[in-house]
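Each chain is listed here by its residues.
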Amino acid sequence: MFRSIRWKFILIYFLLVFLSMSIVGIYIVNQLEKIQLDMNIKNMEARIRSIIDSYSSLKSGVWDENIEEIQKSISSVQVGYNENIYVILNDNNRTIIAGSVEESIGLSAFNYNKINNYILTKSMDGTTHHIAPAEQFEDTENKRFYYHMSYPVQTDGTIRGYIYLINNIDYIYDTVNESMQIMTQATIIALTITVFLGLLLSTSITGPIKELTLKARQMSLGDFDQKVSVKSDDEIGQLGNMFNFLIDQLKRSMSSLQQEKNKMETTLTYMADGVLTVDLSGNIIHANPVAKNLLSIKNTDEKFDDVIVNLTDTISVEYIKSKDYHGTDLAEKNGETYNIDYAPFMNNKNEVGGVILVFKNITEQHRIDRLQKEFVANVSHELKTPITTIKSYAETLLDGALEEKETAEEFLNVINSESDRMSRLVTDLLLLSRMDYEQTNWHKERINLQDMVNIAVKKLQMQAKEKNISIHVNIPDNIDILFDRDGFEQIILNIAGNAVKYTPENGNIWIEAKTTKKDVIVSIKDDGFGIPKEDQDRIFDRFYRVEKARARGLGGTGLGLSIAKQIAEAHNSTITVKSQINKGTEMIITIPR
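Definitions and limits used
Residues numbered from 1 in each chain as written. Predicted model: local features only at pLDDT ≥ 70, side-chain atom pairs only at ≥ 80, totals over all residues. Heavy atoms only, no water. Core = buried A, V, L, I, M, F, W, Y, C linked by side-chain atoms within 4.5 Å. Buried < 20%, exposed > 50% of the residue type's maximum accessible area, 1.4 Å probe, protein only. Helix = DSSP H or I, 4+ residues; strand = E, 2+ residues; numbered from the N terminus. Contact = heavy atoms within 4.5 Å. 1 Å grid on protein atoms, 1.4 Å probe; cavity = no way out; pocket = protein on both sides within 12 Å on 5 of 7 lines; lining within 4 Å. Points joined across faces, edges and corners; volume = space filled by probe spheres on them. Nonpolar A, V, L, I, M, F, W, Y, C, P; charged D, E, K, R; others polar. Salt bridge = Lys/Arg side-chain N within 4 Å of Asp/Glu carboxyl O. Arc of directions from axis to C-beta. pLDDT = per-residue confidence, 0-100.

J.: Explanation requested: the nonpolar core in the structure shown.
T.: When a protein is soluble and globular, its nonpolar side chains tend to lie buried together. Counting residues in each nonpolar core, the largest one holds 41 residues, and the members touching the most others are L449, F488, I491, I495, I575 and I589. At the level of elements, α12 (449-466), β13 (480-484), α13 (485-502), β14 (508-515), β15 (519-526), α15 (560-570), β16 (574-580) and β17 (584-592) are the ones that each hand at least two residues to this core. Non-local contacts of I495, meaning those with residues more than four positions away in its chain, are made with I524, L561, A564, I575, M587 and I589. M44, I48, W63 and I97 belong to the second-largest nonpolar core, a separate cluster that totals 28 residues.

Shown next, in the form of structure tokens:
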């Protein structure tokens, strides 16, 4: 209970008031007792002097000659219910010659137990002595207190005797006791009021503190919509105002931090690269979805060294430390190539707190680099062959073959053919280049599919006749497509032209079309050699040939299908292939309606 500042306040106030009231009460009671006793002593002295002054027998110098008169005088004195008086002769025995107690007359004061020998003896020097022995009880049953006074009576410097007065002082201690009771009651009332006021005061102090504590606890749980009520302008009120100001500032700061955190989390979540944060012990602090998927991380309690092996076994925490937490590595998984960059991050002591790893999929970049190298090699190879042929035949003619007409004409025809091949290659390359840089202006219009296919087939009839190949066209006459006229014709010529080239003699080619709710589907199928399954994904690559020697012998550049695919994609269309070895090939063109 006393752990609470509220009860500590009450206890402190209680003790302060209790000690104050106790000290004041004890002081007042003691002073009251002293005052009462002093007044009693003065009253007793005045009483004795009054008795002496009232009777001449006591004033005379010879008491032993006037004993009877003194006895008569003392017997006439009105003695109070709370006092006794004795007249003691100053002889050797200190004989009691008169008094309010008749049985004491004639006895020696030294032998009378109600007379205190101490003060009697002390008064023999001529001075008055008095005492109230605390241990002396004249009435042990009722425990009554008495005050004793021995007053020496002198004449001409000689002590004639003593007036010994005993006064009951119960009333003094009754008054003192009543005063103590009053002080005790006052103390109890004061303490009760103190506790009540202490409760009010402590509540006025601890109430706001409790409210602050409750609000602070709510804040620790993440609820920052907290305000305390300010009811005063004192220090407590100022503390409440400052707390509310702190809340406002903290909310603004937390809002900014939360906004930045959301931005960062959103960025990390939706970025294409994998991001992994690891501390110096190898514990995973954070992993975005790409990194989790790449490394097969099920929960962040896993260790870095246990999950990185899912991608590569050459990187570990110790390996990164040996590189001073900076570096770049490459890794491959399932045919994908990843670039791994890592760098350290600092903690609040500006020391290395861990490392951040970024996994970037560079498969496409590698593929493009490879294609670029292949493209350069293929272009060089494609141009080298006709250039070499033209040069060798031209040198032969210059060496004298011009004189032989038939040989010269044959050589010139070869040179012309190779020049045409080079021209077609350059033309196709320029077309691809324009499409790559989106410099081709397509004039899209509604064209009749049957008419366009028939035009293309007529241009291929000569090649088909040479190999006795039958081209079967089955296209409904009511199908229109939104396409560039020249572009669509080139697609048909490139695909159907390949079918004619790679279909053996006496073969067949089928060109058909059908419609669905969304698309127009054009199928060009042959019964030729077919395309191996492992080559089907690459037939649209530039310069790629399934059988390079035979395709080059047929005059192909290896760019026809690449051109067809890019034209189709520019019109939101697709070209897919189905083929089996020795069973033919089917190219399917899907065009949105």
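J.: When you look at empty space enclosed by the protein in this model, what are you seeing that I'm missing?
T.: Space left empty within the atom packing is revealed by a probe, the size of a water molecule, rolled over the atoms. A complete count under the given rule lists one cavity of 30 Å³ or more for this structure. Looking at the largest cavity, its volume works out to about 40 Å³. Lining the largest cavity we find V278, D279, L280, V317, I320, Y325, G354 and V355. Breaking the lining of the largest cavity down by element, the ones donating at least two residues are β6 (274-279), α9 (317-322) and β10 (352-361). Tallied by class, residues from the lining of the largest cavity come to six nonpolar, one polar and one charged.

J.: Sorry, what's going on with unusual backbone geometry here?
T.: Negative phi is the rule for most residues except glycine; trans is the rule for most peptide bonds. The backbone of R94 shows a phi angle near 55°, a positive value even though the residue is not glycine. Turning to its location among the elements, R94 is positioned in the loop between β1 (83-89) and β2 (96-99). Phi at N506 takes a positive value of approximately 70°, unusual for a residue other than glycine. Mapped onto the elements, N506 comes out in the loop between α13 and β14.

J.: Could you clarify how one ought to interpret the pattern of salt bridges in this entry?
T.: Two side chains that carry opposite charge are able to pair once their charged atoms sit near each other. The final tally for this structure, using the stated rule, is six salt bridges. With a shortest N-O distance of 3.3 Å, D38 and K34 are connected by a salt bridge. Residue D38 and its partner K34 are located together in helix α1 (residues 5-54), separated by four residues, close to a single helical turn. The exposure class of D38 is partly exposed, given its relative accessible area of 31%. Judged by its relative accessible area of 46%, K34 falls in the partly exposed class.

J.: Just to check I follow, could you spell out helix α3 (residues 67-75) for this structure?
T.: Since the α-helix packs 3.6 residues into each turn, any two residues three or four apart lie on the same face. Taken as a whole, α3 has its buried residues at I70, S73 and I74. Summarising the axial view, the buried residues of α3 lie within an arc of 95°, below the 170-degree limit, and thus occupy one face. Residues E68, K72 and S75 are exposed on α3 and point more than 90 degrees away from its buried face.

J.: In this structure, what is going on with the confidence of the model for the chain? I would like to understand it.
T.: Low pLDDT means the predicted coordinates in that region are not meant to be read closely. Per-residue pLDDT for the chain averages 80, and the proportion of residues at 70 or more is 87%. Residue range residues 548-555 is modelled with pLDDT below 50. Its contacts to residues more than four positions away, or to other chains, number twelve contacts.

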